[in-house]
Amino acid sequence: MLCQKCGKRVANIQFTQIINNNKHTIYLCEGCAKEEGKFNFGSPLNINDFFSGLMGISQKSTVSPQQTELICSECKMSYQDFQKTGKLGCSNCYTVYGEKLTPLLARLQGNLQYHGKIPGKLYSAVKLSREIQKLKDMLDKAIKKEEYEEAAKLRDQIRSLESQEVKG
Amino acid sequence: MKGWYSETGPESDVVMSSRIRLARNLRDIPFPFRMKKEDGVKVLERVKGAIFQRSSAIGEIYDFIDMQKLNPIEKQVLVEKHLISPDLAESQYESGVILSDDEKISIMINEEDHLRIQCLYAGMQLNEAWDLCNEIDNLLEETIDFAFNEKYGYLTCCPTNLGTGIRASAMLHLPALTMTGYIRGVLESCGKLGIAVRGLYGENSEAMGNMFQISNQVTLGQAEEEIVGNIRNITRQIIDQERMLRIELHKQNPFRFEDKVYRSLGLMANARIISFEESIKLLSDVRLGVDMGIITGVDINILNEIMLMIQSANLQSTVGRALSPDERDIIRADFIRSRIN
């Protein structure tokens, strides 16, 4: 079938987006997929990761990654336990289950950006980390716009903040 | 009588009480349902240490109550006063609650999360309750490391509390909205706005005595002040509607209106046997009459006291022994009569 965006080239990439139980699928060619830029499907997806991921899936067997049991190293609770009880076992569970929680949290809470209070002791560390993330996003944009001088400046700023992070 | 029952707060003709609750966990200990007994003891010790060494910092006098040492009736008294949740009362783990002397502050330990900090004020005082909760949170934070990550905020046992861990709620008395059926519109709008509406005892309870508890459902994605602000705004709108409808109802048929509230007063002043369900209904009518200045001989604080004491555990604590349901209905009627007359 033809790409749904340009209508000229063959579509060899299928995107399926599931939000609140609604499924949207579109078919694009490589060129249009690249053009679309960063795909914000709830998790930051780099085009390169996506392509390599695709390659991986087509070459490996059909064992889905979800079949490996996720167990928290701290409290020993499994993801299956969580699915049964709806409760997490400890703080570490949030890290271990990571991306798997995102769809559920999106359904429960909607907006997944934390905007609330930060504990006093962690305040400067969190502020620094958010600043670094902001600069990284700006760096991505600068690269896409081919503003390489700007990108270099940002990269240096990021490096200096990151070294602060290691010290602090 | 302590706590919000003994005071008359702002907008007390519609708003019974305002409550802010924060859920917090300690960083390096599993959540209560996965933790071992020693962990439970550790949590208790750390929290007690944090509060009692610093209680002078916020000028409150605190008392620690060990859940394991209370009998079922004593636990139920605390539930009825809204100082602990039914879950804590049923807890099998090491658990307890720290209460301030005026019962405005209640810190539950090892309920679903390690900590549930609650501030309860009379009438519409959501901002004041939030300020106090925030202060206590800051105080605890000085000596306790909370489970927190940058992405999700404060980490909680149940994802429904994730992020700010805040539950802002108001208890509202809405007889006119209920009588006219307009309460349905309120419930629908609340649903659409992500506001939960529950009965007198919170989760899993039904609406009794025209009492409704509204609270936020979402805890992530908004700042605490926004969440509190939303509840305040919705409450504000509901207050206006309720007051307007009360006046309307009375205007439509003043004799019927006054007859209803006075008949209920009559029953309260004279009945010899009365169930909880019936007394809650009568209380609602009489409260309406007092709010609107139709009934003049009864003080609102008396009604608050009655509302507290007609509940089964509190009732039994007045006579110091367990009572059968039939005995309770008689003692309840005695109590009500003594206060009304």
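Residues numbered from 1 in each chain as written. Chains lettered and ligands numbered in written order. Predicted model: local features only at pLDDT ≥ 70, side-chain atom pairs only at ≥ 80, totals over all residues.

K.L.:
How should I be thinking about the overall build of chain B in this particular structure?
P.N.:
Along chain B, the regular secondary structure elements total 12 helices and 10 strands. Here the C-alpha radius of gyration of chain B, 21 Å, is about what a compact globule of 341 residues would show, namely 20 Å. Expressed as a percentage of its 341 residues, the buried residues of chain B come to 48%. Considering only residue pairs separated by 6 or more positions, chain B has 67% of its internal contacts joining residues 24 or more positions apart. (Helix = DSSP H or I, 4+ residues; strand = E, 2+ residues; numbered from the N terminus. Rg over C-alpha atoms; globule rule 2.2 N^0.38 Å. Buried ≥ 20, exposed ≤ 12 C-beta atoms within 10 Å, placed from the backbone. Contact = placed C-beta atoms within 7 Å.)

K.L.:
I tried to follow the overall build of chain A on my own but got confused; where do I start?
P.N.:
Counting secondary structure elements, chain A contains 7 helices and 4 strands. Looking at chain A as a whole, 13% of its 168 residues qualify as buried. Partitioning the intrachain contacts of chain A with sequence separation of at least 6 by distance along the chain shows that 29% fall at a separation of at least 24.

K.L.:
It is not clear to me how helix α6 (residues 123-144) of chain A should be interpreted in this structure. Could you clarify?
P.N.:
For an α-helix the count is 3.6 residues per turn, leaving residues at separations of three or four pointing the same way. Over its 22 residues, α6(A) extends 32 Å from the first C-alpha to the last, a length consistent with the 32 Å expected when each residue adds 1.5 Å. One or two positions beyond α6(A), positive phi appears at Glu146(A), with a value near 65°. (Expected span 1.5 Å × (residues − 1).)

K.L.:
Could you clarify how one ought to interpret the packing of helix α2 (residues 72-80) of chain B against helix α11 (residues 312-319) of chain B in this entry?
P.N.:
All names here are of chain B. With their axes 7 Å apart at the nearest point, α2 and α11 run at an angle of 125° to one another. Here α2 is positioned oblique relative to α11, judged by the angle of their axes. Crossing of α2 against α11: the hand is left-handed. For the pair formed by α2 and α11, the contact residues are Ile73, Gln76, Val77 and Glu80 on the first element and Ala313, Asn314, Gln316 and Ser317 on the second. For the contact of α2 with α11, the residue count by class is 3 nonpolar, 4 polar and 1 charged. (Axes fitted to C-alpha atoms, helices over the stretch in contact; angles between N-to-C directions. Parallel < 35°, antiparallel > 145°, perpendicular 65-115°, else oblique. Left-handed = near helix turned anticlockwise from the far one by under 90°. Nonpolar A, V, L, I, M, F, W, Y, C, P; charged D, E, K, R; others polar.)

K.L.:
Looking at this model, I keep getting lost on the interface of chain A and chain B. Mind explaining?
P.N.:
Interface extent is often summarised as the accessible area lost during association of the parts. Each partner contributes to the interface: chain A provides 28 residues, whereas chain B provides 31 residues. When contributions to the side of chain A that touches chain B are tallied by element, the ones reaching two or more residues are α4 (91-97), α5 (102-109) and α6 of chain A. Sorting elements by how many residues they give to the side of chain A that touches chain B places α5(A) first, with 4 residues. Classifying every residue of the side of chain A that touches chain B gives 13 nonpolar, 11 polar and 4 charged.

K.L.:
How do you make sense of the pairing of strand β1 (residues 15-24) of chain B when you look at a structure like this?
P.N.:
A regular strand places its side chains on the two faces of the sheet in alternate fashion. All names here are of chain B. Most of β1 sits inside the fold, with 10 of its 10 residues counted as buried. Judged from the 7 bridges that link them, β1 and strand β8 (residues 166-173) form a sheet pairing that is antiparallel. By the bridge assignment, Ser18 is partnered in β8 with Ala170. Here β1 pairs with strand β5 (residues 115-122) via 8 bridges, running antiparallel. Residue pairing across strands places Leu22 opposite Ile117, the latter belonging to β5. (Pairing = 2+ DSSP bridges.)

K.L.:
Mind showing me how you'd approach the environment of Met171(B) here?
P.N.:
Relative to the helices and strands, Met171(B) resides in strand β8. Excluding its chain neighbours within four sequence positions, the residues that come into contact with Met171(B) are Met16(B), Ser17(B), Met211(B) and Gln213(B).

K.L.:
What is the right way to look at the sheet that holds strand β3 (residues 96-100) of chain B in this model?
P.N.:
One key point about sheets: their strands pair by backbone hydrogen bonds, in either a parallel or an antiparallel sense. Residues and elements named next belong to chain B. Pairing within the open sheet is antiparallel, and its 8 strands lie in the order β2-β3-β4-β5-β1-β8-β10-β9. Both outer strands of the open sheet, β2 (62-66) and β9 (195-198), are each paired with one neighbouring strand and no more. When strand polarity is set aside, the average angle formed by the axes of neighbouring strands in this sheet is 20°. With 5 bridges connecting them, β8 and strand β10 (residues 211-216) associate as antiparallel partners. Bridge pairing links Met171 to Gln213 in β10.

K.L.:
Explain the confidence of the model for chain B to me, please; I cannot follow it from the model alone.
P.N.:
Caution applies to low-pLDDT parts of the model: their predicted coordinates are not meant to be read in detail. Of the residues in chain B, 96% reach a pLDDT of 70 or more, and the chain-wide mean stands at 92. Scored as a complex, the prediction yields pTM 0.80 and ipTM 0.82. (pLDDT = per-residue confidence, 0-100.)

K.L.:
In this structure, what is going on with the environment of Arg246(B)? I would like to understand it.
P.N.:
Residue and element names in this part refer to chain B. Relative to the elements of secondary structure, Arg246 occurs in helix α7 (residues 224-252). Owing to 22 C-beta atoms within 10 Å, Arg246 belongs among the buried residues under this scheme. Measuring from C-alpha to C-alpha, the distance between Arg246 and Lys151 comes to 47 Å, with 95 residues separating the pair along the chain. Beyond its immediate sequence surroundings of up to four residues, Arg246 is in contact with Ala176 and Met292.

K.L.:
Hey, could you run me through the nonpolar core in this one?
P.N.:
One broad trend across soluble globular proteins is that nonpolar side chains are buried collectively. Residues and elements named next belong to chain B. Residues Val97, Ile107, Leu126, Cys133 and Leu172 are the most contacted members of the largest nonpolar core, which totals 87 residues. Broken down by element, this core gets its largest block of residues, 7 residues, from helix α4 (residues 126-143). In contact with Leu126, not counting residues within four places along its chain, are Ser18, Ile20, Ala168, Ala170, Val228, Ile231 and Arg232. (Core = buried A, V, L, I, M, F, W, Y, C linked by C-beta atoms within 7 Å.)

K.L.:
Help me out: how do you make sense of the pairing of β5(B) in this one?
P.N.:
All names here are of chain B. Most of β5 is tucked away, with 8 of its 8 residues classed as buried. Both faces of β5 are covered, namely the face carrying Leu115, Ile117, Cys119 and Tyr121 and the face carrying Arg116, Gln118, Leu120 and Ala122. Bridging between strand β4 (residues 105-109) and β5 involves 5 bridges; their strand directions are antiparallel. Bridge assignment links Ser106 to a residue of β5, and that residue is Gln118. Between β4 and the antiparallel strand that follows it, β5, lie 5 residues; Asn110 among them carries a positive phi value of about 65°.

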